[in-house]
Structure formats: structure tokens, C-alpha cells
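Spelled out from the first residue to the last, the chains are:
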Amino acid sequence: MSRWDDAALTAAFAHRLRHQEPLSRHSTFHVGGPADLFLTTHTAAELETAVCLAGAAGIPVRVLGSGANILPADAGVRGLVIRNVSRRFLLEADGNRVTVESGMVLPVLARRTARAGLAGLTWGCGVPGTVGGAVANNAGCYGAAVSDHLLSVRTVNAAGEVREWTADALRFRYRGSPFKGKAGEEPAIKAAILAATFTLQPGDAQTLLAQVARWLEQRAATQPLDHPSAGSFFKNPDGDFAGRLIETAGLKGLTHGEAQVSTKHANFFINQGHASATDLYLLAREVRQAVEQRTGIRLEREVELIGAWDDAEDR
Ligand SMILES: Cc1cc2nc3c(=O)[nH]c(=O)nc-3n(C[C@H](O)[C@H](O)[C@H](O)COP(=O)(O)OP(=O)(O)OC[C@H]3O[C@@H](n4cnc5c(N)ncnc54)[C@H](O)[C@@H]3O)c2cc1C
């Protein structure tokens with residue numbers, strides 16, 4: 001029996017609404033306890049409906065994409081977790097504008113736009129997340145970020161209000177946006193991202209696809225892609241690299257339980273098999289303390305703690 005009034009969600013989604021779903025199945029770290037309620041939405045319309053119904057019933061909602069930038073608590077997440085796999089792709093009539101539903105994954109978007117001879121999103125070829133997660137996190141690499149080519153974002157909030165935001169009206173920062181709160185804080189805009197529109201530049205498809213291949217090769221050579229991780233755990237501090245600071249502090253290979261600082265890339269923390277979320281959290285805390293003691297620089301998490309982390313001293 002759920003502690004939430006999930007009658008309307010059950011009526012709309014029937015057997016698709018799950019109870020006590022382990023989030024270890026939905027985080028790239030393969031860790032995390034149960035979500036009270038869990039639903040996979042396949043279209044932007046379904047996502048909108050789920051957010052509205054949960055909002056009307058007073059059920060807190062957390063929307064996830066690929067779970068590639070989160071550390072869900074071992075104690076799980078209260079309320080409804082939505083896994084968003086809405087993936088419609090629309091190349092608009094002017095030929096340079098692309099609108100996608102927010103569950104579209106960046107590697108697919110990168111290839112589709114490259115193949116269409118459109119430059120601007122190819123850097124996403126090796127970033128295993130959705131457009132919604134990428135907008136919330138202002139994901140990026142190789143000097144580019146999602147906000148660079150973003151024209152607008154469509155959202156829905158718990159009151160059911162659908163709104164179109166121009167990118168200019170949203171304050172993006174390095175690995176941050178109004179849709180993602182800083183550690184322990186609520187986001188400035190509490191809403192689910194339904195879709196995003198990008199304006200891209202004409203480019204040569206063969207050149208763009210060759211660039212994709214080079215970037216993927218480079219990632220395979222420098223990142224521990226054979227183990228569960230969430231990419232870079234900490235943000236790069238101004239003028240430096242978190243990985244360099246961690247490596248110089250001699251922390252590569254450090255373990256806590258089955259969580260390890262990768263020996264291949266010091267800012268990647270990996271699950272060696274049966275790590276818990278707490279193992280990863282404690283490993284990261286130890287790394288942060290060691291780097292701070294050595295350099296005076298306090299690393300800021302890029303990976304977001306979600307759910308019931310009541311004991312964490314720095315949510
Ligand atoms: C091997 C590896 C390499 C990586 N490399 C990079 C890299 O080069 N650059 C980089 O920036 N990141 C990188 N990442 C991290 C990750 O892929 C990105 O941050 C990605 O954008 C996360 O997207 P997601 O869909 O998985 O988001 P999730 O982890 O599911 O969610 C992240 C945040 O976004 C919110 N969110 C997700 N979808 C929505 C939505 N529709 N509406 C509102 N909020 C939403 C969530 O609530 C949460 O707050 C890497 C990760 C891995 C595992």
C-alpha cells in the first residue's frame with residue numbers, strides 16, 4: 001500500500017506504474033534504493049500528464065533521463081520518479097532548426113544532426129544522457145555546452161502550466177542551469193523539461209561524422225567505459241582540472257568498499273561490482289578532503305545526490 005494517493009496515476013498508466021522500483025536499475029552507477037513510485041514515459045504528452053497528475057495529488061516528482069549524472073541514495077527516493085524516454089526528433093522547415101523531445105539521447109542526436117549536415121551538437125556523441133538531463137546540467141565537453149545552440153525549452157510544472165522559455169531568459173552556468181539546484185537547494189525553476197529546440201549551423205556531414213569517430217576513440221582511450229560510473233564526479237575548478245588535482249594528490253586507485261577512483265581517469269569514480277551509493281559518497285568525501293588539505297581548493301560535485309540522503313553532511 002503506497003503512502004501516496006496514486007489513484008489518478010494508476011487510472012492513467014495502470015500496470016505501468018511501479019512501486020518500490022530499485023533505482024540501481026536506472027542509474028549508470030548501478031546504485032540506489034527504491035523509488036516509492038516509478039513510471040517510464042514514452043512521449044512528451046505522457047510526461048506532461050504524469051507531472052500534472054502527481055502535482056495534483058501532492059506527490060513529489062523527480063524526472064530522470066539516463067541517470068548518468070546522479071547518485072541516488074541507498075534509502076531511495078520518496079514520491080514519483082519518472083524515467084523519460086520520449087524521443088521524437090523534428091527537423092524544422094528552415095533546415096537548421098531541430099526540435100527534440102527531452103528523452104532523446106545525446107549520442108543519437110549528435111549522429112542524426114551530423115548525418116543531416118548540421119554542426120553544433122556533435123560533441124554529445126559520447127555523453128550518455130538525455131536532452132532533458134543535458135539542459136538541466138548544461139552538459140558539455142571539448143569547449144562546447146548544450147546552452148551554446150539552445151533556442152528554447154518547453155516545460156511543465158506541478159500545477160500543470162506548460163511554458164516555453166527562450167534560452168536567453170534562462171541563466172545557464174558551467175554545468176548548471178535554473179532547472180538544477182545547487183547542492184541542498186531547490187532549483188530556481190521547478191519544472192520538467194518536455195522538449196528543446198536548437199539552432200545549428202550547416203556543416204559537411206562526412207567531416208562531422210569523422211569528428212564523432214575521433215572523439216569516441218579518444219574517450220575509449222582515456223575513460224573507464226568498461227565500469228559503471230557517472231562520468232566526471234567533480235566540476236573543474238577555475239583554471240584547473242579536478243582530475244589533475246585528484247591524480248596529483250596520489251588518489252588514483254583509492255577505494256571505499258567496491259567504489260574506486262579510476263586508475264584510468266582520476267575524476268571518474270567507478271563501481272567495481274557491488275558498491276553502494278554510500279561507498280561512492282564516502283569515497284568522494286575522502287577525495288574532496290584530501291584535495292582541499294593539499295591545495296586549499298574545495299571541489300564541487302558535478303554528480304547530484306538525489307533522494308533520502310538525510311545523513312549526508314553536504315547534500
Ligand atoms: C561515461 C560517461 C561520460 C560522461 N561524459 C560527460 C561529458 O563529457 N560532459 C558532461 O557534461 N557530462 C558527462 N557525463 C554525465 C552525463 O552523461 C550528463 O550530465 C548528462 O547530461 C546527464 O543526462 P541524464 O539524462 O542522464 O540526466 P539524469 O542523470 O537522469 O538527471 C540529471 C539531472 O537532470 C534532471 N533532469 C533529467 N531529465 C530532466 C527533465 N526532462 N526535466 C527536468 N529535469 C531533468 C534530473 O532530475 C537531475 O537533476 C558523462 C557520464 C558518463 C557515465
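In short, a report on the structure. Just so you know, these numbers come straight off a predicted model, no measurement behind them.

### Concerning the overall build of the chain
- A tally of regular secondary structure across the chain gives seven helices and 18 strands.
- For 315 residues, the compact-globule estimate of 2.2 N^0.38 gives 20 Å, and the chain sits close to it at 19 Å.
- Dimensions of the chain along its principal axes, counting C-alpha atoms only, are 55 × 50 × 30 Å.
- Long-range contacts, defined here as pairs at least 24 residues apart, represent 63% of the contacts in the chain between residues at least 6 apart.
- Just so you have it, the chain exposes about 14,200 Å², and 49% of that area is on carbon and sulfur atoms.
- Between the mean site of the 33 positive side-chain charges and the mean site of the 33 negative ones, the chain shows a separation of 3 Å.

### Details of the sheet that holds strand 11 (residues 150-156)
- On the basis of which strands lie adjacent, the open sheet formed by five strands has the order 6-7-13-11-12 and antiparallel pairing. The strands lining the two open edges of the sheet, one partner per strand, are strand 6 (89-91) and strand 12 (162-166). Direction aside, neighbouring strands of the sheet carry axes that sit 15° apart on average.
- Where strand 6 meets strand 7 (residues 97-101), three bridges bridge the pair, whose relative direction is antiparallel.

### Describing the side chain of D240
- Within the fold, D240 resides in the loop between helix 5 (205-222) and helix 6 (242-248).
- Residue classification places D240 among the buried residues on the basis of a relative accessible area of 17%.
- There is a polar contact of 2.8 Å between the side chain of D240 and the side chain of R244.

### Comments concerning the site of the ligand
- Close to the ligand lie 35 residues, the nearest being V63, T130, G140, R219 and E304.
- In this structure, G65 approaches the ligand through a main-chain N or O atom, which is 2.8 Å from an oxygen atom.
- With respect to the ligand, the side chain of T130 contributes an N or O atom lying 2.7 Å from an oxygen atom.
- Protein contact buries 94% of the 980 Å² of open area that the ligand shows by itself.
- Elements that contribute at least two residues to the shell around the ligand include exactly strand 3 (61-64), helix 4 (131-137), strand 9 (140-141) and strand 13 (192-199).
- It is helix 4 that contributes the most residues to the shell around the ligand, five residues altogether.
- The residue inventory of the shell around the ligand, partitioned by class, reads 16 nonpolar, 14 polar and five charged.

### Concerning unusual backbone geometry
- In the Ramachandran plot, Q20 falls in the positive-phi region, its phi being about 55° despite a non-glycine side chain.
- Tracing the backbone through its elements, the reader meets Q20 in strand 1 (residues 18-22).
- At R175, a position not held by glycine, the phi torsion is positive, near 50°.
- Within the element layout of this structure, R175 appears in the loop between strand 12 and strand 13.
- Look at R175 and you get buried, because its relative accessible area is 12%.

### So, the packing of helix 3 (residues 106-115) against helix 5
- Two numbers describe how helix 3 lies on helix 5: the axes approach to 8 Å, and their chain directions differ by 155°. As the angle between them shows, helix 3 and helix 5 are arranged roughly antiparallel. Between helix 3 and helix 5, the contacting residues are R111, A114 and R115 on the first element and A205, L208, L209, V212 and L216 on the second.
- When grouped by side-chain class, the residues that make up the contact of helix 3 with helix 5 number six nonpolar, no polar and two charged.

### Focus: the nonpolar core
- With 33 residues, the main nonpolar core has L109, V131, V135 and F198 as its most contacted residues.
- Within the residue set of this core, elements represented by two or more residues are strand 7, helix 3, helix 4, strand 11, strand 13 and helix 5.
- In terms of residue count, the dominant contributor to this core is helix 4 (four residues).
- Those residues in contact with V135 that sit more than four places away from it in its chain are V146, L150, V153, F172, S177, F179 and I193.
- Counting 28 residues, the second largest nonpolar core, distinct from the first, contains F29, Y281, L283 and V287.

### A look at the packing of aromatic side chains
- A full pass over the atoms with the stated rule returns six aromatic pairs.
- Aromatic pair Y142 and W215: ring centres 4.5 Å apart, planes at 0°, arrangement stacked. Of this pair, Y142 sits in the loop between strand 9 and strand 10 (144-145) while W215 sits in helix 5; the two residues are 73 residues apart in sequence, bridging distant segments of the chain.
- In this arrangement the basic side chain of R112 is found over the ring face of F89, its NZ or CZ atom lying 4.0 Å from the centre.

### Thoughts on the sheet that holds strand 16 (residues 259-261)
- Read from one edge of the open sheet, three strands run 15-16-17, paired in antiparallel fashion. A strand with exactly one partner marks an edge of an open sheet, and here the two such strands are strand 15 (255-256) and strand 17 (269-271).
- Both strand 16 and strand 17 contribute to a ladder of three bridges, which runs antiparallel. By the bridge assignment, A259 is partnered in strand 17 with N271.
- Against the sheet, helix 7 (residues 277-295) makes contact with strand 15, strand 16 and strand 17, and its axis sits at roughly 30° relative to strand 16, the strand it touches most.

Conventions we followed
Residues numbered from 1 in each chain as written. Predicted model: local features only at pLDDT ≥ 70, side-chain atom pairs only at ≥ 80, totals over all residues. Heavy atoms only, no water. Helix = DSSP H or I, 4+ residues; strand = E, 2+ residues; numbered from the N terminus. Rg over C-alpha atoms; globule rule 2.2 N^0.38 Å. Contact = heavy atoms within 4.5 Å. Areas by Shrake-Rupley, 256 points an atom, 1.4 Å probe, with all protein chains shown as cover. Lys, Arg positive; Asp, Glu negative; His and termini not counted. Charge placed at Lys NZ, Arg CZ, Asp CG, Glu CD. Pairing = 2+ DSSP bridges. Axes fitted to C-alpha atoms, helices over the stretch in contact; angles between N-to-C directions. Buried < 20%, exposed > 50% of the residue type's maximum accessible area, 1.4 Å probe, protein only. Polar contact = N/O pair within 3.5 Å; in protein donor to acceptor, adjacent residues only side chain to side chain. Near = heavy atom within 4 Å. Nonpolar A, V, L, I, M, F, W, Y, C, P; charged D, E, K, R; others polar. Parallel < 35°, antiparallel > 145°, perpendicular 65-115°, else oblique. Core = buried A, V, L, I, M, F, W, Y, C linked by side-chain atoms within 4.5 Å. Phe/Tyr/Trp six-rings, centres within 6.5 Å; stacked < 30°, edge-to-face > 60°. Lys NZ or Arg CZ within 6 Å of the ring centre and 35° of its normal.

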